[in-house]
Structure formats: C-alpha cells, structure tokens
Amino acid sequence: MTLPAYMLLAGVCLLFIGIGWERNHLRFDGYEDQTLLVSLTDWWANKVPPENLVSRNIGEVNALTYWSTDGMTYVLATWVWSGGFSAVQLIWYALTPLFVWLVPLAHFALALQVTKREDTAAAALGMTLILALTTSNSISGGSGSLALGQEAAFQLNTLRTFSNALILPLALSAFFALLRTQERRCLVATALILLALALVHPPAPTSMFRGVFSFFSSRLHASLFILFCFYT
Amino acid sequence: MLHTADPLAVRLIWIATCGLGVTIVSGAVARLTLVPPRYM
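Rules used in this analysis
Residues numbered from 1 in each chain as written. Chains lettered and ligands numbered in written order. Predicted model: local features only at pLDDT ≥ 70, side-chain atom pairs only at ≥ 80, totals over all residues. Helix = DSSP H or I, 4+ residues; strand = E, 2+ residues; numbered from the N terminus. Buried ≥ 20, exposed ≤ 12 C-beta atoms within 10 Å, placed from the backbone. Contact = placed C-beta atoms within 7 Å. Nonpolar A, V, L, I, M, F, W, Y, C, P; charged D, E, K, R; others polar. Axes fitted to C-alpha atoms, helices over the stretch in contact; angles between N-to-C directions. Parallel < 35°, antiparallel > 145°, perpendicular 65-115°, else oblique. Left-handed = near helix turned anticlockwise from the far one by under 90°. pLDDT = per-residue confidence, 0-100. Core = buried A, V, L, I, M, F, W, Y, C linked by C-beta atoms within 7 Å. Expected span 1.5 Å × (residues − 1).

**Let's talk about the overall build of chain B**
- When its secondary structure is counted, chain B shows 1 helix and 0 strands.
- The proportion of buried residues among the 40 residues of chain B is 30%.

**Concerning the interface of chain A and chain B**
- Across the boundary between the two partners, chain A contributes 29 residues, which contact 22 residues of chain B.
- At the level of elements, helix 4 (71-83), helix 6 (102-115), helix 9 (159-181) and helix 10 (184-200) of chain A are the ones that each hand at least two residues to the side of chain A that touches chain B.
- With 9 residues, the top contributor of residues to the side of chain A that touches chain B is helix 10 of chain A.
- Each residue belonging to the side of chain A that touches chain B can be placed in one class, and the counts come to 22 nonpolar, 4 polar and 3 charged.

**Looking at the environment of Leu168 of chain A**
- Within the element layout of this structure, Leu168 of chain A appears in helix 9.
- Each C-alpha atom of the pair Leu168 of chain A and Val103 of chain A lies 10.0 Å from the other, and the pair is 65 residues apart in sequence.

**Description of the packing of helix 1 (residues 3-23) of chain A against helix 7 (residues 118-134) of chain A**
All names here are of chain A.
- Packing of helix 1 against helix 7 brings their axes to within 9 Å, and their N-to-C directions diverge by 25 degrees. In terms of orientation, helix 1 and helix 7 fall into the roughly parallel class. Helix 7 is crossed by helix 1, and the crossing has left-handed handedness. Contacts between helix 1 and helix 7 involve Ala5, Leu8, Leu9, Val12 and Leu15 from the former and Glu118, Asp119, Ala122, Leu125, Gly126 and Leu129 from the latter.
- For the contact of helix 1 with helix 7, the class distribution of residues is 8 nonpolar, 1 polar and 2 charged.

**A look at the confidence of the model for chain B**
- Overall, the predicted model of chain B reaches an average pLDDT of 77, with 72% of residues at or above 70.
- The ipTM for the predicted assembly is 0.76, set against a pTM of 0.79.

**A short note on the nonpolar core**
- The biggest cluster of nonpolar side chains holds 72 residues, and the ones touching the most others in it are Phe108, Ile167 and Ala171 of chain A.
- Top element by residues in this core is helix 9 of chain A. It accounts for 13 residues.
- Contacts of Ile167 of chain A, omitting those with residues within four sequence positions, involve Phe162, Ile193, Ala196, Leu197 and Val200 of chain A together with Leu20 of chain B.

**Topic: the environment of Gly18 of chain A**
Residues and elements named next belong to chain A.
- The residue Gly18 is located in helix 1 in this model.
- We classify Gly18 as partly exposed; it has 13 C-beta atoms within 10 Å.
- Residues Gly18 and Leu179, 161 residues apart in the sequence, show an inter-C-alpha distance of 35 Å.

**With respect to helix 4 of chain A**
All names here are of chain A.
- An ideal rise of 1.5 Å per residue puts 18 Å on 13 residues; helix 4 measures up with 18 Å between its terminal C-alpha atoms.
- Those residues of helix 4 that sit buried are Gly71, Met72, Thr73, Tyr74, Val75, Leu76, Ala77 and Val80.
- Positive phi shows up at Gly84, right after helix 4, with a value of about 80 degrees.

**So, the confidence of the model for chain A**
Residues and elements named next belong to chain A.
- Residue-level pLDDT values for chain A average 77, and 68% of them are 70 or greater.
- Note on residues 142-147: pLDDT is under 50 here. Beyond four places in sequence and across chains, it has 7 contacts.
- Taken together, the stretch residues 203-211 has pLDDT below 50 and engages in 13 contacts with residues farther than four places along the chain or on a different chain.

**Observations regarding the packing of helix 9 of chain A against helix 1 (residues 8-34) of chain B**
- Packing of helix 9 of chain A against helix 1 of chain B leaves a shortest axis separation of 10 Å and a crossing angle of 115 degrees. Our classification of the angle between helix 9 of chain A and helix 1 of chain B gives roughly perpendicular. As for the relative orientation of helix 9 of chain A and helix 1 of chain B, their crossing is left-handed in sense. For the pair helix 9 of chain A and helix 1 of chain B, contact is made by Ile167, Leu170, Ser173 and Ala174 of chain A and by Ile13, Ala16, Thr17 and Leu20 of chain B, respectively.
- Here the residues of the contact of helix 9 of chain A with helix 1 of chain B are counted per class, giving 6 nonpolar, 2 polar and no charged.

Written out as structure tokens, the structure is:
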C-alpha cells in the first residue's frame, strides 16, 4: 500500500538532485546574494581586513545588523577553512547538489504531519515538483524577495533560499508535530529550528513571525497549499 | 518525537531538523563568542 508512495518519494528526491544540479548552471533571482555570501565566507575563512571588503561595506551602508549573528555563514566559513577549497566552489557549485534532496523530504514530512497519510504526502510531493517546475522566476536583479519561484525548491546557495526552501518546511513540520502531539520534545525542536530560521535569514527577530507569512508569499508554496486543500 | 510509528523518511527529517538547528545556532554562538569585536 505504502510502497508506491515511497517509490514516488525516492523518485522525486532523485529528480530534485538532477534538476538542482542542472539549475545550478543558471542564476535566477538571488544571484547577488550568492556573491555577498561568497565574499563574507571568504572573509571569515581568510581574515581579510574589513575595510577592504566590498560586501562588508554594503552591509554597513544598508545596516544589515543581522550579519553579526549569522551562524550559517560562520559554519560555511569553517567548512571552507578546514577543507581548503574556495567559497565559490562550495557555495556556487556544491551546496545545492549536496542538500537539495532534503527539500522534498521536508515537504513530505510536513504533509505527513498535517494529514497522517503517506499516499497524500507523496502526492503533495508530486505537486511540489510540477508546480516548482512551472513557476517562473524573476531575472537576476529584478523584483522581489516576496515573489519566489523555482529557487524556493531547487536552489540552496544563499541564506534566503536555504531559509525558504529547506528550513521553513522543517520548522512548519516540527510546528505541526507539536500541535498534534503536544510533547515537550517537539516544543524544544520547534524552538530550536525557529531560532535557526531567525538566525539564517532574518531582518531581526521578527522573522519568527514572518515564517508562515513568507511561506504563503512564495508563489510555489501558496499554489501548492491551494492544490493541497483541494486534494485533501 | 521519534515515534516508532514514524516512517524512516520522517525520522530522517527529525534528525535533519535538530542537526541543522544545532549547527546554525552553535555557529551563531561561536561567532558571537569567539570572534574579536572589531571583526563583527
């Protein structure tokens, strides 16, 4: 009964890896964020003097104070420093193929927490894949962090895409598990992942409350949710 | 949290959730405590 559902899950995970690898050669919205992330990671890993760092100056001009508590860039810099490869190699080329298969798993867990039906969750994954493929993107430098397209599914190389594509479904999955079971361990996991979400892409602590909002402001997630309601 | 009834995929997601959370939060703590203020 559940075997076809898990075959679909495995197939979608493989497709996400393939599409993520292929999309890795294109640069949609968020291109500029990748250059900033690479620059900051290189800065942390190699201790470049701050006054020579363009992205650092951009951060100061725009008062991006959350860079001071950005744990993820620090982790990536540690990885670059200990591994001896360049931040470009890691962020532009390696991160997406390494982690993109977790995105459908996160959506599967989220749908399963809501419905407790494995076949429905697997069908929701198929919808995620099709909708993600048919959702258009803004071109790089065009409008809008509030209108996310394919990068909300297949791209994991900026702080924003990490938070939208991966950490947000994980946080909502933990949150729905907490609502369902009301266990203290679920509360701890929810608090932990919400804090991580706030630390990765947040203009300030308000991102804790922006989680659900940014989920529905994504074209992909909003259309998925509507279809999901019809389906269930 | 790790119910035995949960399928393997969901258990994997729980591990990913907690692992990612611990990694990012500890990265932020390390950055705030280990780095000299002039590099913040």
